[in-house]
Every structure is written in C-alpha cells, then in structure tokens.
Amino acid sequence: MKQIKRFVIILACALSLHAQKAAPQTYADTAKHSSTIWNPIRKLGRLIDTLCVSGIDRRYIDVPEKPWQVMLKGNFNQTIHNMKSVIDGSNLFRMAEGDLVWEPEIKTVPSTYVGVWAGYRGYGIGYSWNVGGDKGRIFTLGAMGGSYGVNLRIHNFESDHTKVRMAGNFYTSEESSELEYIDETESINLASPIKIRTLFLDAYYMFNGKRFSYCAAYDQSAIQKRSAGSLMAGAMYYYSRIKYDTDENADFILMMNDVGRFKQWQLSAGVGYAYNYVPFRGMLVSIIGMPMLTFYNRYKAWHYDSNLRHVARFDFDSLDDIDNEDDYKISLMSVDSRHTRISLNIDARLSLTYQWDRYFVNAYGQFTNFHYKTRQVSGNTSDWFVNAAFGVRF
C-alpha cells in the first residue's frame, strides 16, 4: 500500500504541474509562492528537454511537443525457476542406493496485471496489480534518454505447487539386493507456499544515439522517423530471494539438501545490437539482443535440520506417524555464503509501437535467464513478460 500511495502522490504532482502552466494566477502572492515551489522543477524539465534533442539527427528522430505521458498498462508474465539437488540416497533412505536426484520446477501460471504509468519525457514510475494467475505485484521505475536507458522492475509472488523429477537406484524390496533405476516426474502441492522475490535493474548505452532512439521503442517519449540500428553496451543487476523454510515444508527441505532459503546476487555486462525498423509512418518495430557475462555471482543458503531425518533413515515405515505437516519441526543448522563461477546470460527484447497525433499503443516483451550453482544445489531462473499499453501525451 505504501508504494501505491507514493505513486498517487507523484502522479498528482505531475498533473498539478501541467495545470499550473495552463491556469492563470489570480493573486500576486499566490503566483510568487507557486513560482518558488515550481521553478526548480521547471528548470529540471528544461534540462531534460535539452538533453532529449541534444546531438540527435532530426531526420531520424523527433521529440514530441507535449512532454508528459500517462499510460494504461497490461502485463502478462511468467517466471520459471528450476532447482536441482543431488543427495546421498543411501544415507537418507534404506531403500535407496547411491546418488538421488531431486529437481523441482516452480512454474507460475501465466499471470495478468493491470496498472498505470506516468512520466515526463521518459522519466517515470508505474505500478501494476495482479488480476489473474499468481499472487503478486510489479513495481517499475524508468529513466530513458535518446542514447541510454535505466529500468528497475520488482516482482513478488508465491506458489504452493511444483513439478518434481526424482531419479535414482532403489531396491525392489527390503529383502532384495536387486536395484531398479527409477526416473519419475509428478506434481506436488506444498503445505506452505514458496515465496519468491526478483529484482531487475538494467542500464543500456547506445553508441548511435544520433540516429537510433531507445526511448522511441520502450516509453514513446521520442519518435523514430527512419530505420536505424546501433551497437549497444549494457549492465544488469539481478537479485532473487526464494524461501520455503517453514515447519510444514520439512520434507521438501530434506530433499533439497537441507536448504530452506537462499538468495542470489548477480552483476552482468555485455555488448549487443539493437535495430529500430520503421515500415511506414507511425509504426516502429524494435529488436534488441545481448549476451551478458555474469562476472559477480554470489549465493547465500540457509540449512535446516528436521525431525524427519532420523525417521527417513532408520524407521521408514513409521513415516506415516508424522505425515501430518503440523508435526513437522525444522531448526536452523548453518548459513552458507559463497561466490560461484562466471556464467553467460541472455537478454532479448522485442517492441511494437504505433502512434498517431498525441496517442500511441505499444507492446513489448523481454526474456532473461539467470544461472547459479553451489556444492549443494544448482538451478536457473527464466523470466519473460509482455507489456501492452495505451498512452496519451499532454
């Protein structure tokens, strides 16, 4: 709710500033007071206006006369998080022998969000509410110029079901020494949901800012008049937190090598290419592709013990005695933090825009993929979303 209140206040200030320019002042003291308040903001606006037109080729890029934008937005997204742990099956189950592979896949239902965005020449803020699919919220903050872009996206959601693959060698019976390799995948429901938070902060610089406009494709604060491409450099910060460390999830934690919560921090940088294609007046198709090298990859894991361990190893038949999740108990054993190896990630985007007069419609999608690996677990997160917007300039 605090984020919603902040957004409403900022939007109200933006609309008030626009009204301030249009409405005549009745009293001299009111005008003087208002001038004192709004002059710094107007100066900042003029600076942004100057930056928007500085150094551009007006044959390729145009800047709309009306600087303010308000958009109604729809968002469709999905996050897929794959985890993998390899445990010593013979040390955990009497019926198992050798390594046992446990691979959960947390795939959110494709979700739908609706929201609003408001900004001044590419500098803006937005907030979206979930109306279908996973339970979550999306907060965005952006700053875009002709040759650069900075975006912040925060996504919170939870899921109480997952698909799990389990593979390993099991004895055909307690009396038999014959092993059978079993590889099965099934969906399971968790007694307590897995809670996930992801944060993306990315920044780009276009080397051909004179003829190529990044903001023309992604916030419509500029207009690309002719087709142009650009070599680009980018950096990305990624943070994720996944936690399921509740008593009710003791069995899931046990199969995850005792890991019940973990966090990941990544810093990536790369070089790619972007192209804005203008097939006819008012229409723009933009494509961006960038491989990114993750040079900073830190991982932190919380390890838990539980009352299931002894039963699973030595008294498997009595597991039914504590099959009620209310009887599960976990306790923190240790916290492990380390840096993992360098990896390669991918950032890809596609944007479609059509504009007429002071109105525009836009749809753009983005795909990102992040990897991690430690001694206990490994995995990757794939995140895609598609934004659709109707906007007006004023």
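Computed from a predicted structure; not experimentally measured.

**Q** Let's hear about the environment of F262: which residues, and what values?
**A** As for its position among the elements, F262 is in strand β11 (residues 259–277). Along the primary structure F262 and D245 are separated by 17 residues, whereas in three dimensions their C-alpha atoms are 9.7 Å apart. Beyond its immediate chain neighbours, meaning those up to four positions away, F262 contacts H81, M83, S240, R241, I242, Y244, Y299, K300, A301, W302 and Y372.

**Q** Residue-level account of the pattern of salt bridges, with values.
**A** This structure, assessed with the given rule, holds ten salt bridges. Of the charged contacts in the structure, one is a salt bridge between D245 and R261, with a shortest N-O distance of 3.0 Å. In this pair, D245 is assigned in the loop between β10 (228–243) and α5 (250–255) and R261 in strand β11, connecting sequence segments 16 residues apart. Among the salt bridges present, the one from R338 reaches D336, with a minimum N-O distance of 3.2 Å. Overall, the relative accessible area of 28% leaves R338 in the partly exposed class. On the basis of relative accessible area, D336 is assigned to the buried category, the value being 13%.

**Q** Please give an account of unusual backbone geometry that cites residues and values.
**A** With a phi angle near 60°, Q220 is a residue other than glycine that sits in the positive phi range. Along the polypeptide, Q220 turns up in the loop between α4 (215–218) and β9 (223–224). Despite not being glycine, D258 has its phi angle at roughly 75°, a positive value. Under the relative-accessibility criterion, D258 is labelled buried at 15%.

**Q** Describe the nonpolar core, listing the residues and the values that go with them.
**A** I194, Y244, F252 and F262 are the most contacted members of the largest nonpolar core, which totals 32 residues. Every element with two or more residues in this core is listed here: β2 (68–88), β3 (96–107), β7 (148–171), β8 (179–206), α5, β11 and β12 (283–306). If you tally residues by element for this core, the top one is α5, at five residues. Among the nonpolar cores identified, the runner-up in size contains 27 residues, and V63, A217, A222 and M290 belong to it.

**Q** Can you explain the pairing of β12? Please cite residues and give values.
**A** Here β11 pairs with β12 via 16 bridges, running antiparallel. Of the residues in β12, the one forming a bridge with F262 is A301. Hairpin geometry of β11 and β12 is characterised by an intervening segment of five residues between the two adjacent antiparallel strands and by a positive phi of about 90° at G282. Pairing of β12 with strand β14 (residues 343–356) involves twelve bridges; the strand directions are antiparallel. Its bridge partner being in β14, L293 is matched across the sheet by L344. One ladder, built from nine bridges, connects β12 with strand β13 (residues 330–339); its direction is antiparallel. Counted as the bridge partner of Y299 is R338 from β13.

Rules of the game
Residues numbered from 1 in each chain as written. Predicted model: local features only at pLDDT ≥ 70, side-chain atom pairs only at ≥ 80, totals over all residues. Heavy atoms only, no water. Helix = DSSP H or I, 4+ residues; strand = E, 2+ residues; numbered from the N terminus. Contact = heavy atoms within 4.5 Å. Salt bridge = Lys/Arg side-chain N within 4 Å of Asp/Glu carboxyl O. Buried < 20%, exposed > 50% of the residue type's maximum accessible area, 1.4 Å probe, protein only. Core = buried A, V, L, I, M, F, W, Y, C linked by side-chain atoms within 4.5 Å. Pairing = 2+ DSSP bridges.

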